[in-house]
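Observations on chain architecture
Okay, here's what each chain looks like letter by letter:
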Amino acid sequence: MAAPLRSATAKLGNLLQDAKKEWRKKPKKATPKKHKPHYSKGLDVWVHDTSEVWLPATVTSVGKDGSLCVRFEDGKESTVQSKGDYPPVSGSTQRCEQTDDLTTLSPLCEAAVLHCLRSRFRSGSCSTSAGATLIAVNPFKELEGCYGEDVVQRYTEGSKTKPPHVYGMAERAYSQMEQGLGPVNQSIIVSGESGAGKTWTARCLMTYLATVAVYNPGCFEPSPGDCIKSRILDSNPILEAFGNAGTARNYNSSRFGKYIQLQFDRGQHIIGASIQTYLLEKTRVVHQSTGERNFHIFYQLYQGASTEEKACLGLGLPNHHIKYLPMQAVTDKALDDCQAFKMTREAMSNVGLSQDKQMDVFQVLSGLLHLGNISFTSDGELEPCDIDEDNKDYQLSRDFATTLLGLDGEQLEKSLMFRKITATHSKRKSVFMRPCTVEEAGTRRDCMAKLLYARLFDWLVAFINKSTCAGQWHSFIGLLDIYGFESFQSNSLEQLCINYANEKLQQHFVAHFLRAEQEEYSIEGIPWQFFSFADNQPCLDVIEGKCSIFSFLNEECRLNRQTDASAFSTRLLDGINGKHIYKPPVAVRSPAFIVKHYADDVTYSAHGLIEKNKDHIPVELIELAAGSTNPFVSKLVQMDLVEHEIQAAKNGKVQAKTVVSKFKTSLDSLMTILTSTAPHYIRCIKPNLACQPDIFDSSHVVSQLRACGVLETIAISAKGFPARIPYAEFSQRYRALYHTKREPTPSLPATNDDKTAKAFCLSVVERIFGDEDKENAKVGAQFGKTKVFLRSGQLEEMEGLRAQALTQAASCIQRSWRRHQRQQKVRRLEAATLIQAAYRGWKVRQCLEIMNDAARVIQQAMLEYSIRKQQEREQQRLEQESTEQVLLEKSLAEDDNPGSVDSCSSEDEEFHECRDRLSALMEHPIPASHGSHPITQPLRSLSGGLMDLHAPQTLPLYNTGILPRRCSKCGSVAKPPPDPRMDDLDGDEDDDDKTRQEEDTGTTERSLGRTLVSIFKKPAVDFALAAVVTALLLKGPVHF
Ligand SMILES: Nc1ncnc2c1ncn2[C@@H]1O[C@H](COP(=O)(O)OP(=O)(O)OP(=O)(O)O)[C@@H](O)[C@H]1O
Ligand SMILES: [Mg+2]
């Protein structure tokens, strides 16, 4: 990440250097003369008003002295003196009220901008577009239907233009990151004074980006993307609980700055986040101005902890006051704090903080509060101090502090009341303890509390980062929510740093928008009328330059001498040149100095500035905390101990970094990141100082608009070209828009061939914007030396057209592909049907052939059998007739000697025997291996094979010409006469031979049939045939 960042910064630096040279070479442009409006009766003008600053009014008459009689919209009349400074209202005031883009105001003036913002605020629309920036006025109330899921959804749909919204800004950054035109990394800088709504806005941006970029493959519940999203969003309540506090300007004021980097993968899915924090206002732990609060977490813990937890932590004890928590503030918002504590704990659990770790954190917090109750007393102001035993809360608090923080009571008191002094005399070190005064001991106690709280905050941020930061990412969108500009009655080092950060951001804004943009037009040869702007470099020189407030402060720390506050302020005022620092009026008694900031003049008190800058932590206190029996506490101060040891090893030659030096370094690195990304600005505006809904304090709003250069931004945005794209990139991206039915898309110009690329881009732009409005094509986009410059809205239009063209192309490809697939499918289906039909027909034919063969064999056998039988019967009959004849003769002879005769005739006997044998055979079939019947076997197989094909089916009945017989006596139906070949079962060898002979005649035919049947019966064959069919199906159409 570092290398591209460095090269990007170097490139930007070179560009700015070149631009500066060009700028210097150029003769200064004369500021265009202002044309005085010509006032006449009936003209609508903007008139000054004491409360509303500007109001629309109609001129009723014009005096000879230039005075104007005007009538306001509410009917009131007034006479005003004008020197041509009342701008006319162009068109109607209604147009001004209805527009949501300030760049469309014509003529553009402060009055029109203010009126537009005011009317929009009153109608419940708080976001207004100001060219490339967004102006968000804080409504101080929940606007219905403004931030729901459906609104997020609406802003993700890229087609139609939507009303200005914070989500719109987030979407712009996200889509720019997706498109990759210009820097892929983006930053959204949210600025505005304290209470203007920066934190709220940053939260909305985070929610939007985390929602639209969440990765949800749909196979996990909850999806990994949702887990990351909830972890990232849960960092907010934790950071706000530990880093926000109630101030006179904002009940939820951020007492630290933060830059959240939302990390994305190649597919623009959110995969993590990392948080960088800046300068926590740790003095708030030990001191709050009247009406202000300590950090929220203390109150949340005090109100929200369970009874057992409170008992453990020594909170809520009767008649026990905590010095660091003014009781009024504790009880004021008890219910809110209680609920907020639940949310904080939930968020802590979600980011992975176990219940034990949470308890460790609460122990430190509670230990700090008890530490604050340790007070000192002495006989005189400069006398050595002692423990204030009279303080009734002392003993209890001392016990709780030592137990919770794991410190030794006596050691703690000693470290607070005695200072370790190390003196070096001719290489000999002597250490002795010097007793402290009451003030010194109090300062040491507070120092310990501040140290522990600051390290706890850092530990929490590091923990959150560990839980949310992705190891590698492709791109990021940074959200900057840094403390707003502050000006209190008494301002100290914290306000100086905060206001310095705001000056830096303002400079970045000016450099990016007002200067760099205009300089780029001149470098690229774009006709441009320069707009003047307020440059805050002189103010920054006063704060951070070579001879500046910071340099004086650091010098004092380096010299490590006792310096009186008034002497220091005099030294500052005498030593620093420039109009941006001056002496306060005589009325201000305490030593102070005033700095002229871009937003306002701020009076800084010189008291305690040097000490705060030193931020000296006595080594005794570090060692005491490092030796704590509570491992969590000793871990918190490990880094301080290491730093101290390094310093000691170098014999104090390495100076500890001062607060302003550390702050400047971290701010510089932030500015480097911001410069390397594509910035987007959201200007938050606070509508009134009382933080009340439905109140629009015009004068307060105007001062904010003036301070942050909103007017200049709108003017430049209205006339300027927010989108600047190098020719090569442009032709690559918008090549799709060239395509027409008549002309083919030309081949892409070479990346280094700017001339051809320019011609290509020109034709694309003309094609898009030229047809409807030739004039617009010329005035709209501009073609510089290396880039195309597009006006506001043109890029969006082109993107819309590109998306449309791509969608059309995609749907055309999809259509063709689907048609092709369908055709393929139909062909395959036809082929498969054909193959299957052919196969089935073949198989049925095969089976029928076998069946016919079998039937023929059976019929023949039956025929032969019946003929033979008939012959036998005939013979028997003849024999019987002859026997009967003999018997008749015999009986005639034996008439006188009658004998018994069988009840059934011999024919009937034969019939019964035959029937019994057959039924016995049917009941006990003979195993196939022992000679199953050669005909029945193939028949069985055959019927099985046929069953497979056409089940259920019965075999056709073949007429053999033999009718079933009935017994003449008992009437039972006779089975067909037994096959003579069955006789072989009885072991009749003659019959056996006979059968074998008969078999031999049809063996070839039958065995072929059997083989075929058995082949087709095999599943493997079926499978093979199915495989052939499938292969044919897959391979493609088969042409017959
Ligand atoms: N868009 C909004 N809709 C409703 N309420 C809002 C909105 N923006 C801000 N607020 C309200 O205004 C209060 C102050 O806003 P916020 O804390 O974001 O200010 P800030 O600019 O971050 O101030 P500071 O610099 O002191 O941290 C919020 O607590 C919230 O109640
Ligand atoms: Mg804030």
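The protein has the name Myosin motor domain-containing protein in an unreviewed UniProt entry, where Patiria miniata is given as its organism. Of the comments in the UniProt record for the protein, the one headed Sequence similarities (unreviewed entry) reads "Belongs to the TRAFAC class myosin-kinesin ATPase superfamily. Myosin family."

**Details of the overall build of the protein**
Along its length, the protein carries 34 helices and 23 strands. Put simply, of all contacts in the protein between residues at least 6 apart along the chain, 69% involve residues at least 24 apart. Accessible surface, the protein: about 55400 Å² in total, of which carbon and sulfur atoms supply 53%.

**What to know about the coordination of the magnesium ion (ligand 2)**
Taken together, the protein donors to the magnesium ion (ligand 2) comprise Thr 199 (OG1) and Ser 254 (OG), at separations of 1.9 to 2.1 Å. Of the two residues, Thr 199 sits in helix H6 (residues 198–212) while Ser 254 sits in strand S9 (residues 253–254), which places them 55 residues apart along the sequence. Each member of the pair, Thr 199 as well as Ser 254, is classed as buried.

**Describing the pattern of salt bridges**
Charged atoms that come close allow side chains of opposite charge to pair. Enumeration according to the criterion identifies 38 salt bridges in this entry. A salt bridge links Arg 455 to Asp 640, with the nearest nitrogen and oxygen atoms 2.6 Å apart. With Arg 455 in helix H15 (residues 438–468) and Asp 640 in helix H23 (residues 638–649), this residue pair connects regions lying 185 residues apart in the sequence. Across the pair, Asp 640 and Arg 455 agree in class, each one buried. Of the charged contacts in the structure, one is a salt bridge between Glu 556 and Arg 571, with a shortest N-O distance of 2.2 Å. Note that Glu 556 is positioned in helix H18 (residues 549–559) and Arg 571 in helix H19 (residues 565–575), a separation of 15 residues in sequence.

**Here's the deal with the site of ligand 1**
Around ligand 1 lies a shell of 18 residues, among which Ser 194, Lys 198, Thr 199, Ser 253 and Ser 254 are the nearest. Separating an oxygen atom of ligand 1 from a backbone N or O atom of Trp 200 is a distance of 2.9 Å. Coverage of ligand 1 by the protein chains reaches 89% of its 620 Å² of free accessible surface. When contributions to the shell around ligand 1 are tallied by element, the ones reaching two or more residues are H6 and S9.

**Notes on the UniProt feature "binding site: ATP" (unreviewed entry) in the protein**
The UniProt feature table records "binding site: ATP" (unreviewed entry) at Gly 192, Glu 193, Ser 194, Gly 195, Ala 196, Gly 197, Lys 198 and Thr 199. Excluding residues within four positions of it along the chain, Glu 193 makes contact with Lys 198, Arg 249, Gly 484, Phe 485, Cys 684, Lys 686, Leu 689, His 700 and Gln 704. With respect to the secondary-structure elements, Ser 194 resides in the loop between strand S7 (186–191) and H6. Residue classification places Ser 194 among the buried positions, given a relative accessible area of 3%. If sequence neighbours within four positions are ignored, Ser 194 has contacts with Arg 249, Asn 250, Ser 253, Gly 484, Phe 485, Glu 486 and Lys 686.

**With respect to unusual backbone geometry**
The residue Asn 560 is not glycine, and still its phi comes out positive at about 50°. Tracing the chain through its elements places Asn 560 in the loop between H18 and H19. The exposure class assigned to Asn 560 is exposed, which follows from its relative accessible area of 54%.

**Thoughts on the packing of aromatic side chains**
All told, the structure shown has 20 aromatic pairs when counted by the stated rule. Here the aromatic rings of Trp 459 and Phe 632 are separated by 4.9 Å at their centres, their planes lie at 90°, and the arrangement is edge-to-face. Here Trp 459, found in helix H15, pairs with Phe 632, found in helix H22 (residues 631–636); they are 173 residues apart in sequence, far enough to count as distant. Of the two residues, Trp 459 and Phe 632, both sit in the buried class. An aromatic cluster is built from Tyr 147, Tyr 155, Tyr 167, Trp 200 and Tyr 208, whose rings are joined through pairwise contacts. For the cation-ring pair, Arg 293 lies above Tyr 299, with the distance from its terminal atom to the ring centre recorded as 3.9 Å.

**Focus on the packing of helix H4 (residues 149–156) against helix H5 (residues 166–179)**
For the pair H4 and H5, interaxial distance at closest approach is 9 Å and the crossing angle is 40°. Taken together, the axes of H4 and H5 are oblique relative to one another. Of the two possible hands of crossing, H4 and H5 adopt the one that is right-handed. Every residue of H5 that contacts H4 at Val 151, Val 152, Tyr 155 and Thr 156 is listed here: Tyr 167, Gly 168 and Glu 171. Split into classes, the residues belonging to the contact of H4 with H5 amount to 4 nonpolar, 2 polar and 1 charged.

**Details of the sheet that holds strand S11 (residues 270–278)**
Across the sheet, 7 strands lie side by side as S5-S6-S20-S7-S16-S10-S11; this open sheet has mixed pairing. Since the sheet does not close on itself, it has two edges, and those belong to strand S5 (127–130) and S11, each with one partner. Between one strand axis and the next, the sheet turns through 20° on average, direction left out of account. Across 4 bridges, S5 lies against strand S6 (residues 133–137) in antiparallel orientation. Along S6, the bridge assignment pairs Ser 127 with Ala 136. Lying on the sheet, H15 is in contact with strand S10 (257–264) and S11; it crosses S11 at an angle near 165°.

**A closer look at the nonpolar core**
Within the largest apolar cluster, 106 residues are counted, with the highest numbers of intra-cluster contacts made by Phe 242, Leu 262, Phe 298, Leu 365 and Tyr 453. Of the residues forming this core, the biggest block, 13 residues, is contributed by H15. Contacts of Leu 262, omitting those with residues within four sequence positions, involve Met 206, Leu 209, Ile 232, Ile 270, Gly 272, Ala 273, Ser 475, Phe 476, Ile 477 and Leu 479.

**A closer look at the pairing of strand S19 (residues 601–605)**
In this sheet, S19 lies alongside strand S18 (residues 592–596) in antiparallel orientation, the contact comprising 5 bridges. Bridge pairing in S19 links Phe 593 to Tyr 604.

**With respect to the side chain of Asp 640**
Note on Asp 640: relative accessible area 9%, which makes it buried. Among all residues touching Asp 640, those that are not within four sequence positions of it are Leu 451, Arg 455, Ile 617 and Ile 622.

**Thoughts on the side chain of Ser 605**
Of note, Ser 605 is situated in strand S19. On the basis of relative accessible area, Ser 605 is assigned to the buried category, the value being 15%. Here the side chain of Ser 605 touches His 607 through a polar contact of 3.2 Å, landing on its backbone nitrogen. Leaving out residues up to four positions away in the same chain, Ser 605 has contacts with Ser 490, Asn 491, Pro 591 and Ala 592.

**A word on the sheet that holds strand S4 (residues 77–81)**
What holds strands together in a sheet is hydrogen bonding between their backbones, with the strands either parallel or antiparallel. Spatially, the 4 strands line up as an open sheet ordered S1-S2-S3-S4, and their pairing is antiparallel. The open sheet terminates on both sides in strands that have one partner only, identified here as strand S1 (44–49) and S4. The average undirected angle you get between the axes of adjacent strands in this sheet is 50°. Where strand S3 (residues 67–72) and S4 come together, 5 bridges link them in antiparallel fashion.

**Details of a negative patch on the surface**
A cluster of acidic side chains, namely Asp 379, Glu 383, Asp 386, Glu 389 and Asp 390, defines a negative patch on the protein surface. Of note, Glu 389 is situated in the loop between strand S13 (386–387) and helix H13 (394–405). A relative accessible area of 56% means that Glu 389 is categorised as exposed.

**Examining the confidence of the model for the protein**
The predicted structure's coordinates, where accompanied by low pLDDT, should not be read in detail. Per-residue confidence for the protein gives a mean pLDDT of 80, with 77% of residues at or over 70. Every residue in residues 22–34 scores below 50 in pLDDT, and together they form 7 contacts with partners more than four places removed in sequence or on other chains. Of the regions scoring below 50 in pLDDT, residues 971–990 engages in 39 contacts with residues more than four places distant in sequence or in other chains.

**Here we look at the environment of Val 212**
Take Val 212: it is sitting in helix H6. Using a relative accessible area of 23% as the deciding quantity, one classes Val 212 as partly exposed. In sequence terms Val 212 and Val 152 are 60 residues apart; their C-alpha atoms lie 7.9 Å from each other. Apart from residues no more than four positions distant in its own chain, Val 212 is found in contact with Val 152, Thr 156 and Tyr 174.

**Details of the packing of helix H14 (residues 409–417) against helix H21 (residues 619–626)**
Angle between the axes and distance between the axes: these two values describe a pair of packed helices. H21 packs onto H14 with a crossing angle of 165° between their chain directions and a minimal axis gap of 9 Å. Taken together, the axes of H14 and H21 are roughly antiparallel relative to one another. The element H14 and its partner H21 pack so that their crossing is left-handed. Each of Gln 411, Leu 412, Ser 415 and Leu 416 in H14 lies in contact with H21, whose residues at this interface are Glu 620, Leu 621 and Leu 624.

Cut-offs and rules
Residues numbered from 1 in each chain as written. Chains lettered and ligands numbered in written order. Predicted model: local features only at pLDDT ≥ 70, side-chain atom pairs only at ≥ 80, totals over all residues. Heavy atoms only, no water. UniProt positions renumbered as here; feature names shortened; annotations may be inferred. Helix = DSSP H or I, 4+ residues; strand = E, 2+ residues; numbered from the N terminus. Contact = heavy atoms within 4.5 Å. Areas by Shrake-Rupley, 256 points an atom, 1.4 Å probe, with all protein chains shown as cover. Donors = N, O, S within 2.8 Å, 3.2 Å for Na, K, Ca; no water. Buried < 20%, exposed > 50% of the residue type's maximum accessible area, 1.4 Å probe, protein only. Salt bridge = Lys/Arg side-chain N within 4 Å of Asp/Glu carboxyl O. Near = heavy atom within 4 Å. Polar contact = N/O pair within 3.5 Å; in protein donor to acceptor, adjacent residues only side chain to side chain. Phe/Tyr/Trp six-rings, centres within 6.5 Å; stacked < 30°, edge-to-face > 60°. Lys NZ or Arg CZ within 6 Å of the ring centre and 35° of its normal. Axes fitted to C-alpha atoms, helices over the stretch in contact; angles between N-to-C directions. Parallel < 35°, antiparallel > 145°, perpendicular 65-115°, else oblique. Left-handed = near helix turned anticlockwise from the far one by under 90°. Nonpolar A, V, L, I, M, F, W, Y, C, P; charged D, E, K, R; others polar. Pairing = 2+ DSSP bridges. Core = buried A, V, L, I, M, F, W, Y, C linked by side-chain atoms within 4.5 Å. Patch = residues over 30% accessible without salt bridge, like charges linked within 9 Å, V, L, I, M, F, W, Y side chains within 5 Å. Lys, Arg positive; Asp, Glu negative; His and termini not counted. Charge placed at Lys NZ, Arg CZ, Asp CG, Glu CD. pLDDT = per-residue confidence, 0-100.

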